[in-house]
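Residue strings, one per chain:
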Amino acid sequence: MALREVRIQGDPVLEKVCRPVEKLTDRLETLIDDMLETMYNENGVGLAAPQVGVLRRIVVIDVGEGPLVLINPEIVEQDGEQTGSEGCLSLPGKAGIVTRPNHVVVKALDRKMQPVTLEGTELLARAFCHEIDHLDGHMYTELVEGPLSDVEYDDVEELEDEE
Ligand code: ZN
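Thresholds, definitions, all that
- Residues numbered from 1 in each chain as written.
- Predicted model: local features only at pLDDT ≥ 70, side-chain atom pairs only at ≥ 80, totals over all residues.
- Heavy atoms only, no water.
- Buried < 20%, exposed > 50% of the residue type's maximum accessible area, 1.4 Å probe, protein only.
- Helix = DSSP H or I, 4+ residues; strand = E, 2+ residues; numbered from the N terminus.
- Pairing = 2+ DSSP bridges.
- Core = buried A, V, L, I, M, F, W, Y, C linked by side-chain atoms within 4.5 Å.
- Contact = heavy atoms within 4.5 Å.
- Donors = N, O, S within 2.8 Å, 3.2 Å for Na, K, Ca; no water.
- Axes fitted to C-alpha atoms, helices over the stretch in contact; angles between N-to-C directions.

Engineer: Could you clarify how one ought to interpret the pairing of strand 2 (residues 58-61) in this entry?
Structural biologist: Note on strand geometry: in a regular strand, side chains alternate between the two faces of the sheet. Residues I58 and V60 point to one face of strand 2 and V59 and I61 to the other, with burial holding for every one of them. Relative to strand 2, strand 1 (residues 46-48) runs antiparallel, the two being bridged by three bridges. Bridged to A48 within strand 2 is V59. In terms of strand pairing, strand 2 meets strand 3 (residues 68-79) through four bridges, oriented antiparallel. Paired with I61 across the two strands is L68, which belongs to strand 3. Hairpin connection of strand 2 to strand 3: six residues between the antiparallel strands, including G64 at a positive phi of 105°.

Engineer: How should the nonpolar core be read in this particular structure?
Structural biologist: Within soluble globular proteins, side chains that are nonpolar generally end up buried alongside one another. Counting 18 residues, the largest nonpolar core has L31, I32, M35, L47, I58, V60 and I71 as the members making the most contacts within it. Elements represented by at least two residues in this core include exactly helix 1 (26-41), strand 2 and strand 3. With six residues, helix 1 is the single largest residue contributor to this core. Leaving out residues up to four positions away in the same chain, I32 has contacts with L24, I58, V60, V69, I71 and R111. V59, L70, V106 and I132 belong to the second-largest nonpolar core, a separate cluster that totals 15 residues.

Engineer: Help me understand the coordination of the zinc ion, please; the structure alone is not making it clear to me.
Structural biologist: Geometry sets the ideal angles at a metal, namely 109.5 degrees for four tetrahedral donors and 90 or 180 degrees for six octahedral donors. Taken together, C88 (SG), H130 (NE2) and H134 (NE2) make up the protein donors of the zinc ion, found 2.0 to 2.2 Å from the metal. Donor residues binding the zinc ion come from one chain and are separated in sequence as C-x41-H-x3-H. Of this pair, C88 sits in the loop between strand 4 (82-86) and strand 5 (94-100) while H134 sits in helix 2 (residues 122-135), and the two are 46 residues apart along the sequence.

Engineer: Would you mind showing me how to read the sheet that holds strand 8 (residues 145-150) here?
Structural biologist: Strand-to-strand pairing in sheets goes through backbone hydrogen bonds, with the strands running parallel or antiparallel. If you trace the three strands from one edge of the open sheet to the other, you get 4-5-8, paired in antiparallel fashion. Both outer strands of the open sheet, strand 4 and strand 8, are each paired with one neighbouring strand and no more. Averaged over all adjacent pairs, the angle separating strand axes in this sheet is 25°, with direction ignored. Here three bridges tie strand 5 to strand 8, and the two strands are oriented antiparallel to one another. Paired with A95 across the strands is S149, a residue of strand 8. The strands that helix 2 touches are strand 4 and strand 5; relative to strand 4, the one it contacts most, it runs at about 65°.

Engineer: Even after reading the chapter, I still don't get the sheet that holds strand 3, so can you show me in this structure?
Structural biologist: Strand order in the open sheet formed by five strands is 1-2-3-6-7, and the pairing between neighbours is antiparallel. Every interior strand has two partners, whereas the edge strands, strand 1 and strand 7 (115-121), have only one. Ignoring which end each strand starts from, the neighbouring axes of this sheet average 40° apart. Pairing of strand 3 with strand 6 (residues 103-109), which is carried by six bridges, proceeds in the antiparallel orientation. Within strand 6, the residue paired with I71 across the bridge is L109.

Here is the structure:
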């Protein structure tokens with residue numbers, strides 16, 4: 001496994017529509033492992049393949065309940081509404097207020113290319129929407145209400161240790 005470079009907003013790869021996965025090759029298996037490693041390394045809750053420069057419909061998510069790998073994911077149901085702060089590894093140090101459905105149902109393939117149906121509320125619903133948007137070339141900043149704010153990272157302890 002290896003860390004991949006996370007592309008930053010402005011990189012044209014983040015504005016493209018990704019292609020579906022038809023066959024899980026060794027290369028794509030490695031990509032998934034690398035995406036998980038990169039997401040954890042950056043303390044993210046989700047990462048989409050275009051964020052590491054690969055135009056394939058693959059996302060990884062972990063909202064603290066273990067890793068989810070979604071291949072060719074599609075939102076098939078959504079309801080409710082939640083308004084809250086959202087950020088993205090492709091726009092480090094920033095956050096903005098975005099309204100999303102509070103409950104979504106996603107159909108996808110898992111790591112073994114088996115069909116799965118996943119359901120999420122609150123943070124997980126937000127992560128599904130955010131990551132799947134990336135696969136169609138969309139960033140959350142298109143949906144932000146009001147200005148973006150600067151985020152202070154809460155790794156204060158780490159900083160203090162360095163002093
Ligand atoms: Zn993002």
